[in-house]
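Here is how the chains run, residue by residue.
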Amino acid sequence: MDTIAGLFSFITTPVSWIIVQFHSLYGAVFGPDSGWAWGLSIVSLVVLIRICLIPLFVKQIKATRGMQALQPKMKAIQERYKNDKQRQSEEMMKLYKETGTNPLSSCLPILAQSPFFFALYHVLANIADGKTIGVLNQQLVDSAREAKIFGAPIAAKFMDSSEKVAALGASLTDVRIVTAVMIVLMSLSQFYTQRQLMQKNVDLSVKTPFMQQQKMLMYIFPVIFAVMGINFPVGVLVYWLTTNVWTMGQQMYVINQNPTPGSKAQEQYLTRLLKHATSHGEVKGRGKKKVVAVIVAKGPDRNDIERKFITSLSKQGLAAQADGSVIKSSEATADSDAASGGAAKRQQPKRQTKSQRQTPSKSSPKK
């Protein structure tokens, strides 16, 4: 791990500088040697990094949507070459290349955070050894080295010896309890985030390698974090737990506001939207109108959930418009008549009585 962290040493100075700036702020409130001052500095580092990564997260969402849009084509390839796995894989890769889609796009935020993660690990490792690094002078290193979070020094690790922990002014029991709890929380938050994605925001009607990949990551990532976590300093555990919680909250927002078409989350979202439209007689909010407009524009290409939404609106006497608004069905009919030029309805001839039919018309020719 030290070798890997050393590869990212070019970023340790910026990371240490950011931590020092936040520490000066929180130190004025909690005291410069407080574990809260140093712990909150690490949390603030995470928040700052994640805010900077929001454009990348948006790009990730768009890429994921692209993958979802390819699901029907991927299913067709799967069925066509079900007896030829090699040809199936070749056709899948060809489809990715033609559409410019990357199946590994979901890993982008993790890859972007890697330099900061390893730089922080490198900083904390030097703090544990009492060595200066970046902009951290000896006074700051000594302060951080003694700072504790729930009795565990931020530079201590689960696998540290009792002598090393004692040198940091703490007990091995406190360190292992705190690190064990944080490792469990870190792994559970990672598992829940991926499980939430798989259960709510994925079109489960289509089984593809992409789906299998996501399902596999749901179990692999928590195990990786648990195994690696025993070698992480408390400060790094704080960093990774914070970024997991941020990711979980960010994903919950996206699932609730912009669900994947065909997913359980979309069904729940459109159910809420139907209730909203029925209660108010209209759709309020630019985001909601945009969703309705997209569904209207799809026409016959709507999925079952979207067709059910349009049908349910109709049963409530409402009709969705191209601009995303919702109006009463009678108004929609009137608008349609007006658009066609207001042509009058064809007048049906009045039905004649029997005597009228038997009486010859004056205008009829004589035989």
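Residues numbered from 1 in each chain as written. Predicted model: local features only at pLDDT ≥ 70, side-chain atom pairs only at ≥ 80, totals over all residues. Heavy atoms only, no water.

Participant: Before we go on, may I ask you to explain empty space enclosed by the protein in this structure?
Facilitator: Unoccupied space between atoms shows up once a probe the size of one water molecule is rolled over them. One pass over the structure, following the stated rule, counts two cavities of 30 Å³ or more. The computed volume of the second largest cavity comes to approximately 40 Å³. Looking at the lining of the second largest cavity, the elements that each hand over two or more residues are helix H3 (35-52) and helix H7 (108-128). Among the elements that make up the lining of the second largest cavity, the one with the highest residue count is H7 (four residues). Broken down by class, the residue content of the lining of the second largest cavity amounts to eight nonpolar, no polar and no charged. (1 Å grid on protein atoms, 1.4 Å probe; cavity = no way out; pocket = protein on both sides within 12 Å on 5 of 7 lines; lining within 4 Å. Points joined across faces, edges and corners; volume = space filled by probe spheres on them. Helix = DSSP H or I, 4+ residues; strand = E, 2+ residues; numbered from the N terminus. Nonpolar A, V, L, I, M, F, W, Y, C, P; charged D, E, K, R; others polar.)

Participant: What's the story with a positive patch on the surface in this structure? I'm lost.
Facilitator: Taken together, the side chains of Lys-200, Lys-264, Arg-272 and Lys-288 present a region of like positive charge at the surface. Here Lys-200 lies in helix H10 (residues 172-200). A residue is classified by how much of its surface remains accessible, and Lys-200, at 33% relative accessible area, is partly exposed. (Patch = residues over 30% accessible without salt bridge, like charges linked within 9 Å, V, L, I, M, F, W, Y side chains within 5 Å. Areas by Shrake-Rupley, 256 points an atom, 1.4 Å probe, with all protein chains shown as cover. Salt bridge = Lys/Arg side-chain N within 4 Å of Asp/Glu carboxyl O. Lys, Arg positive; Asp, Glu negative; His and termini not counted. Charge placed at Lys NZ, Arg CZ, Asp CG, Glu CD. Buried < 20%, exposed > 50% of the residue type's maximum accessible area, 1.4 Å probe, protein only.)

Participant: Please clarify how the pattern of salt bridges should be interpreted in this entry.
Facilitator: Side-chain pairing between opposite charges can occur once the charged atoms of the two side chains come close. Under the counting rule described, the total for this entry stands at three salt bridges. A salt bridge links Glu-91 to Arg-87, with the nearest nitrogen and oxygen atoms 3.0 Å apart. Of this pair, Glu-91 and Arg-87 both sit in helix H6 (residues 85-99), four residues apart, roughly one helical turn. Here Glu-91 falls in the buried class, since its relative accessible area comes to 17%. A salt bridge links Arg-307 to Asp-304, with the nearest nitrogen and oxygen atoms 2.4 Å apart. Placement of the pair is Arg-307 and Asp-304 together in helix H15 (residues 304-315), with a separation of three residues, close to one helical turn.

Participant: How should the packing of aromatic side chains be read in this particular structure?
Facilitator: The geometry of two aromatic rings is summed up by the distance between their centres and the angle between their planes. Tallying each qualifying case throughout the model produces four aromatic pairs. Aromatic pair Phe-22 and Tyr-26: ring centres 6.4 Å apart, planes at 20°, arrangement stacked. Separated by four residues within a single helix, Phe-22 and Tyr-26 lie in helix H2 (residues 12-30), roughly one turn from each other. Here the aromatic rings of Phe-225 and Trp-240 are separated by 5.3 Å at their centres, their planes lie at 45°, and the arrangement is tilted. Of this pair, Phe-225 sits in helix H11 (residues 209-229) while Trp-240 sits in helix H12 (residues 234-257), and the two are 15 residues apart along the sequence. Neither residue differs from the other here; Phe-225 and Trp-240 are each classed as buried. (Phe/Tyr/Trp six-rings, centres within 6.5 Å; stacked < 30°, edge-to-face > 60°.)

Participant: What's the story with H3 in this structure? I'm lost.
Facilitator: Side chains of residues three or four places apart in an α-helix project in the same direction, reflecting 3.6 residues per turn. Here H3 is 18 residues long and its end C-alpha atoms lie 26 Å apart, about the 26 Å a rise of 1.5 Å per residue gives. Measuring from the side-chain oxygen of the N-cap residue of H3 to the backbone nitrogen of Trp-36 gives 3.1 Å; that N-cap residue is Ser-34. (Expected span 1.5 Å × (residues − 1). Polar contact = N/O pair within 3.5 Å; in protein donor to acceptor, adjacent residues only side chain to side chain.)

Participant: Got a minute to help me understand the packing of H3 against H12 in this structure?
Facilitator: Each pair of packed helices can be described by the angle between their axes along with the distance between the axes. Put simply, H3 and H12 touch, their axes get as near as 9 Å, and they point 40° apart. Relative to H12, H3 is oriented oblique. As H3 packs across H12, the resulting crossing turns out to be right-handed. Residue-level contacts link Gly-39, Ile-42, Val-43, Leu-45, Val-46, Val-47, Ile-49, Arg-50 and Ile-51 of H3 to Gly-235, Val-238, Tyr-239, Thr-242, Thr-243, Trp-246, Thr-247 and Gln-250 of H12. Residue classes in the contact of H3 with H12 are distributed as ten nonpolar, six polar and one charged. (Axes fitted to C-alpha atoms, helices over the stretch in contact; angles between N-to-C directions. Parallel < 35°, antiparallel > 145°, perpendicular 65-115°, else oblique. Left-handed = near helix turned anticlockwise from the far one by under 90°. Contact = heavy atoms within 4.5 Å.)

Participant: How should the environment of Asn-137 be read in this particular structure?
Facilitator: If you trace the backbone, Asn-137 turns up in the loop between H7 and helix H8 (138-146). A polar contact is formed between the side chain of Asn-137 and the backbone nitrogen of Leu-140, at a distance of 2.9 Å.

Participant: It is not clear to me how the environment of Phe-117 should be interpreted in this structure. Could you clarify?
Facilitator: As for its placement among the helices and strands, Phe-117 is situated in helix H7. We classify Phe-117 as buried; its relative accessible area is 7%. When the C-alpha atoms of Phe-117 and Trp-240 are compared, they prove to be 8.2 Å apart, with 123 residues separating the residues in sequence. Leave out the neighbours within four places in its chain, and Phe-117 touches Phe-232, Val-236, Tyr-239 and Trp-240.

Participant: What exactly am I supposed to notice about unusual backbone geometry here?
Facilitator: What is expected of a backbone is that most residues other than glycine have negative phi and most peptide bonds are trans. The phi angle at Phe-150 is positive, at roughly 55°, despite the residue not being glycine. Structurally, Phe-150 is set in the loop between strand S1 (148-149) and strand S2 (152-153).

Participant: Would you mind going over a nonpolar patch on the surface with me for this structure?
Facilitator: Among the surface-exposed residues, Val-29, Phe-30, Trp-36 and Phe-150 lie close enough to one another that they form a single nonpolar patch of about 520 Å² accessible area. Within the fold, Phe-30 resides in helix H2.

Participant: So what exactly am I meant to see when it comes to the nonpolar core here?
Facilitator: A general feature of soluble globular proteins is that nonpolar side chains tend to end up buried together. Counting 49 residues, the largest nonpolar core has Trp-38, Leu-45, Leu-120, Leu-136 and Tyr-239 as the members making the most contacts within it. Those elements that place two or more of their residues in this core are H2, H3, H7, H8, H10, H11 and H12. Here this core takes nine residues from H7, the largest share from any one element. Sequence-distant contacts of Leu-120, defined by excluding residues within four places in its chain, comprise Val-15, Ile-19, Ile-42, Leu-45, Gly-235, Val-236 and Tyr-239. In this structure, Leu-274, Ile-295, Ile-305 and Leu-318 belong to the second largest nonpolar core, which totals 13 residues. (Core = buried A, V, L, I, M, F, W, Y, C linked by side-chain atoms within 4.5 Å.)

Participant: Where do I start with the confidence of the model for the chain in this structure?
Facilitator: Regions with low pLDDT should not have their predicted coordinates read in detail. With 78% of its residues at a pLDDT of 70 or more, the chain shows a mean pLDDT of 79. Looking at the elements of the chain, mean pLDDT is at its lowest for helix H16 (residues 329-339), recorded as 53, and at its highest for H2, recorded as 91. When the criterion is pLDDT under 50, residues 336-347 qualifies, and its contacts beyond four places in sequence or with other chains add up to one contact. (pLDDT = per-residue confidence, 0-100.)

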